[in-house]
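Summary of structural features
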Amino acid sequence: MKHLEIMKSPVELNLNDYRMTGEPVINQVRKIKDIPGIFQDEKAYSEMNPDQLAYTVQAWMPVAEGTPGGLFFGVSTIYPGKVGNEYFMTKGHFHSLGDRAEFYWGLHGKGMLILMDRERNTWAEEVYPGSLHYIRDEIAHRLANTGNEKLIVGACWPSDAGHDYEEIAKNGFSARLVEVEGKPIMIV
Ligand code: F6R
Ligand code: MN
């Protein structure tokens, strides 16, 4: 940029459909076949269309992953659906630098933010348009879509947070969000 120059930011968020456009924006796609092992009902999982979309993530990463002091901005879209009685959900993770926090905010649809601390206490916050969520240090987090429409959630996290998927892949969360009589409940 030049002194006194007035310009547009390189990335924008469409406030109607919450799509990000511009450069650089990365697009991640997670289909049913990309998220094995996270749902309890393995038979129901194996009978699903492997190419069905489970969730997508768009992110603006203005600095290299791992850079201290920077921020990343993301939009996660979780599709409606269930595997057995469990809602479509993200893999879930702790941050690799466990003391790095994150903000989430609900934009569209309805769901749950499932949270678990290092002692494996698990709880959830309702997500809806306008809901704000501070995910503090050392808390694993996962989004589940409990509605019939797309769940769209904004996120902002430190560029050196990283993602530790291993712990959740190995031990899961200590509780599951399932649908019973049409309502989401947490069970162990
Ligand atoms: C970033 C973050 C979100 C998630 C996204 C997908 O730290 O929490 O952008 O990465 O909701 O979930 P995962 O990464 O668990 O597949
Ligand atoms: Mn995160």
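This section reports on the structure supplied with the text.

So, how was this worked out
Residues numbered from 1 in each chain as written. Chains lettered and ligands numbered in written order. Predicted model: local features only at pLDDT ≥ 70, side-chain atom pairs only at ≥ 80, totals over all residues. Heavy atoms only, no water. Helix = DSSP H or I, 4+ residues; strand = E, 2+ residues; numbered from the N terminus. Rg over C-alpha atoms; globule rule 2.2 N^0.38 Å. Buried < 20%, exposed > 50% of the residue type's maximum accessible area, 1.4 Å probe, protein only. Contact = heavy atoms within 4.5 Å. Areas by Shrake-Rupley, 256 points an atom, 1.4 Å probe, with all protein chains shown as cover. Lys, Arg positive; Asp, Glu negative; His and termini not counted. Charge placed at Lys NZ, Arg CZ, Asp CG, Glu CD. Pairing = 2+ DSSP bridges. Phe/Tyr/Trp six-rings, centres within 6.5 Å; stacked < 30°, edge-to-face > 60°. Lys NZ or Arg CZ within 6 Å of the ring centre and 35° of its normal. Polar contact = N/O pair within 3.5 Å; in protein donor to acceptor, adjacent residues only side chain to side chain. Donors = N, O, S within 2.8 Å, 3.2 Å for Na, K, Ca; no water. Tetrahedral: all angles 85-135°; square planar, octahedral: opposite > 155°, others 65-115°. Core = buried A, V, L, I, M, F, W, Y, C linked by side-chain atoms within 4.5 Å.

Topic: the overall build of the protein
On a plain count of helices and strands, the protein comes out with two helices and 15 strands. For 188 residues, the compact-globule formula gives about 16 Å, and the C-alpha radius of gyration of the protein, at 17 Å, lands near that figure. For the protein, the C-alpha atoms occupy an extent of roughly 60 × 35 × 30 Å along the three principal directions. Across the 188 residues in the protein, those meeting the buried criterion constitute 42%. Sequence separation of 24 or more characterises 68% of the internal contacts of the protein that already satisfy a separation of 6 or more. When the accessible area of the protein is evaluated, it comes to approximately 10,500 Å², of which 52% is carbon and sulfur surface. Averaging the locations of the 19 positively and 26 negatively charged side chains of the protein gives two centres separated by 4 Å.

Some details on the pairing of strand 4 (residues 53-60)
Most of strand 4 sits out of view: six of its eight residues are buried. Where strand 3 (residues 26-31) meets strand 4, six bridges bridge the pair, whose relative direction is antiparallel. When the sheet's bridge partners are listed, K31 is paired in strand 4 with L53.

Describing the packing of aromatic side chains
Any two aromatic rings considered together are summarised by their centre-to-centre distance and by the angle between their planes. Enumeration according to the criterion identifies four aromatic pairs in this entry. Between F72 and W157, the aromatic rings sit 5.9 Å apart at their centres with planes inclined by 80 degrees, giving edge-to-face as the arrangement. A residue pair is termed long-range when its members are at least 10 positions apart, and F72 in strand 5 (residues 71-78) and W157 in strand 13 (residues 151-158) qualify at 85 residues. Each member of the pair, F72 together with W157, is buried. Positioned above the aromatic ring of Y165 is the side chain of K91, whose terminal nitrogen or guanidinium carbon lies 4.4 Å from the ring centre. Above the face of the F94 ring, R118 is positioned so that its terminal group lies 3.7 Å from the ring centre.

With respect to the environment of E125
With respect to the element layout, E125 can be found in strand 10 (residues 122-127). Separated by 18 residues in sequence, E125 and L143 have C-alpha atoms that sit 9.7 Å apart. Discounting chain neighbours no more than four positions away, the residues touching E125 are G111, M112, L113, L115, L132 and H133. A distance of 2.7 Å separates the side chain of E125 from the side chain of H133, its partner in a polar contact.

What about the coordination of the manganese ion (ligand 2)?
Bound to the manganese ion (ligand 2) are the protein donor atoms H93 (NE2), H95 (NE2), E102 (OE) and H141 (NE2), situated 2.1 to 2.3 Å from the metal. Angles of 73 to 172 degrees at the metal separate the six donor atoms of the manganese ion (ligand 2), which places the site in the octahedral class. One chain supplies every donor to the manganese ion (ligand 2), and in sequence these donors are spaced H-x1-H-x6-E-x38-H. The pair formed by H95 and E102 is uniform in burial state, with each residue classed as buried.

What to know about the nonpolar core
What tends to happen in soluble globular proteins is that the nonpolar side chains get buried as a cluster. Core analysis: the biggest nonpolar cluster contains 38 residues, and I32, F39, V83, F88, Y104, L113 and L143 have the highest contact counts within it. Listing elements by their share of this core, those giving two or more residues are helix 1 (42-46), strand 4, strand 5, strand 9 (111-116), strand 12 (140-145) and strand 13. The element that contributes the greatest number of residues to this core is strand 9, accounting for five residues. Apart from residues lying up to four places away in sequence, I32 is in contact with Y45, M48, N49, P50, Q52, A54, V83 and F88. In this structure, V11, M20, V75 and L107 belong to the second largest nonpolar core, which totals seven residues.

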